[in-house]
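Structure at a glance
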Amino acid sequence: MSFRALSLWSRFSPRATATVSARTSNMNNMNATCLTSMTQSRGFASKKHKAIIKQAKGFRGRAKNCYTIAIRRLQKSWQYAYRDRKVQKREWRKLWIQRVNAGVRQYGISYSRFIPALNHSNISLNRKVLAALAAQEPFSFKAVVDVVKQNQRNKV
């Protein structure tokens, strides 16, 4: 008996409505099992695809799942990484200059006068080391500043 015939028959028989609803619920269960088997994840097309998707871990949306979108997002992330490696160097240098300037001003000299005098006195300490000395070894930093000041007085 077809589904249409059952539905027509159910209009007249109260017992048939239970049969029709049982059959429709079985059909719904069958559809649910088919859908779950259809949504199972599948493998990758190649090792290259797998590597790209692995690198795209943590991206938002389809950029972490879909190869074509992931490759575009990865290329953009590589551009950002290249740019920001340069920016990071700039930011560290700015921080070291600020720290050296703060340390030098305690002894009555500005950064812009200190660095040329430091180079003139043949002291080869870079800004990173000077900043570390200013922050962590104030007595050593004061000794460097005193040597620079002494050489500056002797020059004049």
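Our subject is the structure that appears above.
Source: prediction; values computed, not measured.

Calculation notes
Residues numbered from 1 in each chain as written. Predicted model: local features only at pLDDT ≥ 70, side-chain atom pairs only at ≥ 80, totals over all residues. Heavy atoms only, no water. Helix = DSSP H or I, 4+ residues; strand = E, 2+ residues; numbered from the N terminus. Buried < 20%, exposed > 50% of the residue type's maximum accessible area, 1.4 Å probe, protein only. Contact = heavy atoms within 4.5 Å. Areas by Shrake-Rupley, 256 points an atom, 1.4 Å probe, with all protein chains shown as cover. Expected span 1.5 Å × (residues − 1). Arc of directions from axis to C-beta. Patch = residues over 30% accessible without salt bridge, like charges linked within 9 Å, V, L, I, M, F, W, Y side chains within 5 Å. Salt bridge = Lys/Arg side-chain N within 4 Å of Asp/Glu carboxyl O. Lys, Arg positive; Asp, Glu negative; His and termini not counted. Charge placed at Lys NZ, Arg CZ, Asp CG, Glu CD. Phe/Tyr/Trp six-rings, centres within 6.5 Å; stacked < 30°, edge-to-face > 60°. 1 Å grid on protein atoms, 1.4 Å probe; cavity = no way out; pocket = protein on both sides within 12 Å on 5 of 7 lines; lining within 4 Å. Points joined across faces, edges and corners; volume = space filled by probe spheres on them. Nonpolar A, V, L, I, M, F, W, Y, C, P; charged D, E, K, R; others polar.

Some words on the overall build of the protein chain
- Helix and strand counts for the protein chain stand at seven helices and zero strands.
- Burial status across the protein chain gives 19% buried among its 156 residues.
- For the protein chain, the share of sequence-separated contacts (at least 6 apart) that also reach a separation of at least 24 residues comes to 35%.
- Just so you have it, the protein chain exposes about 12400 Å², and 55% of that area is on carbon and sulfur atoms.

Notes on helix α4 (residues 67-105)
- Between its terminal C-alpha atoms α4 stretches 55 Å, which fits the 57 Å expected from 39 residues at 1.5 Å a residue.
- Taken residue by residue, α4 has I69, A70, L74, V100, G103 and V104 as its buried positions.
- Here the buried face of α4 lies against α3 (47-55), α5 (111-120), α6 (127-136) and α7 (138-155).

Focus on the side chain of S110
- Relative to the assigned elements, S110 resides in the loop between α4 and α5.
- When residues no more than four places from it in sequence are discounted, the contact partners of S110 are N101, V104 and R105.

A short note on α6
- Restricting attention to buried positions, one finds in α6 the residues L130, A131 and L133. Taken down its axis, α6 places every buried residue within 160° of arc, on the same side. In α6, the exposed positions that point more than 90 degrees away from the buried face belong to K128, A135 and Q136.
- Each element contacted by the buried residues of α6 is listed here: α4, α5 and α7.

Describing a positive patch on the surface
- Among the surface-exposed residues, K47, K50, K54 and K57 lie close enough to one another that they form a single positively charged patch.
- Its location among the elements puts K54 in helix α3.

Here's the deal with the packing of aromatic side chains
- Applying the stated criterion across every chain, the model contains two aromatic pairs.
- On the basis of an interplanar angle of 35° and a centroid distance of 6.1 Å, the ring pair of W92 and W96 is categorised as tilted. With W92 and W96 both in helix α4, this residue pair falls four residues apart, about one helical turn.
- A ring pair is formed by F114 and F141, whose centres lie 6.3 Å apart and whose planes are at 50°; its orientation type is tilted.

Considering the layout of surface pockets
- The calculated volume of the largest pocket comes to roughly 180 Å³.
- Contributing to the lining of the largest pocket are R42, G43, F44, A45, H49, I53, N65, C66 and Y67.
- Tallied by class, the residues present in the lining of the largest pocket amount to five nonpolar, three polar and one charged.

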